[in-house]
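Fold and geometry: a report
One-letter residues, chain by chain:
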Amino acid sequence: MNKITNPIVILIIIYILCMSTTVSALSKNQIALGGIPLDASLKYVNSIYGPPTHIDGGGRWVSHYGNGFLVYSSSRRSRPDNHYEVGVNYVDQVIVTQNNGIATPDGAYVGMRENSIEELYGTPFNKFVNEKGELTYWYFANTQLLELKVKNSKVISIRITETD
């Protein structure tokens, strides 16, 4: 009986340990800011927020929508298997750096307390401190990243971006 019980007990313990250290993966529906998902057209963004207050051009456009709300976009190559229109820019990154009412679908916003992050999203894929002393949380949904930066126990910026 001991020979059967010991392997089963060991497997149960390993399973419990694995479950307690599992990293949360998000769904693509959770990767958005201010109602703007990655891959939305810039036309769509403008239909919600109006024209940007400032645009930095180049191969990749940075559209500023008021204080601390930046939308990065670029054109995509249209192929028969996708929805891209020629001459239209599509969102590939959004950054919020001020408490301006912009939030994720789950309610994360600049200015919220750090302890709310893991309550909303669970254990991050990665959590590290950068050279500025900012604590960064990374969460993934396939090839999309949700990044929250924290300083003095408050979220100071939120970024969503494609990772490939």
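Below or above, wherever it landed, is the structure these notes cover. (Residues numbered from 1 in each chain as written. Predicted model: local features only at pLDDT ≥ 70, side-chain atom pairs only at ≥ 80, totals over all residues. Heavy atoms only, no water.)

In this description, a pair of aromatic rings is defined by centroid distance and the angle of the planes. A full pass over the atoms with the stated rule returns seven aromatic pairs. A ring pair is formed by Y49 and F69, whose centres lie 5.1 Å apart and whose planes are at 70 degrees; its orientation type is edge-to-face. With Y49 in helix α2 (residues 42–49) and F69 in strand β5 (residues 69–75), this residue pair connects regions lying 20 residues apart in the sequence. Taking the relative accessible area as the measure of exposure, Y49 reaches 30% and is therefore partly exposed. With 6.3 Å between their ring centres and 80 degrees between their planes, W138 and F140 make a pair best called edge-to-face. For W138, a relative accessible area of 24% translates into the label partly exposed. (Phe/Tyr/Trp six-rings, centres within 6.5 Å; stacked < 30°, edge-to-face > 60°. Helix = DSSP H or I, 4+ residues; strand = E, 2+ residues; numbered from the N terminus. Buried < 20%, exposed > 50% of the residue type's maximum accessible area, 1.4 Å probe, protein only.)

Quick look at the sheet that holds strand β7 (residues 126–129) now. Within a sheet, neighbouring strands are paired by backbone hydrogen bonds and run either parallel or antiparallel to one another. Judged by pairing direction, the sheet is antiparallel, and its eight strands sit side by side in the order β3-β4-β5-β6-β10-β9-β8-β7 without closing on themselves. Only two strands of the sheet have a single partner each, and these edge strands are β3 (54–56) and β7. On average, each strand axis in the sheet is tilted by 20 degrees relative to the strand beside it, whichever way the strands run. Across seven bridges, strand β8 (residues 135–141) lies against strand β9 (residues 144–151) in antiparallel orientation. (Pairing = 2+ DSSP bridges. Axes fitted to C-alpha atoms, helices over the stretch in contact; angles between N-to-C directions.)

Coordinates in, geometry out; function isn't part of it.
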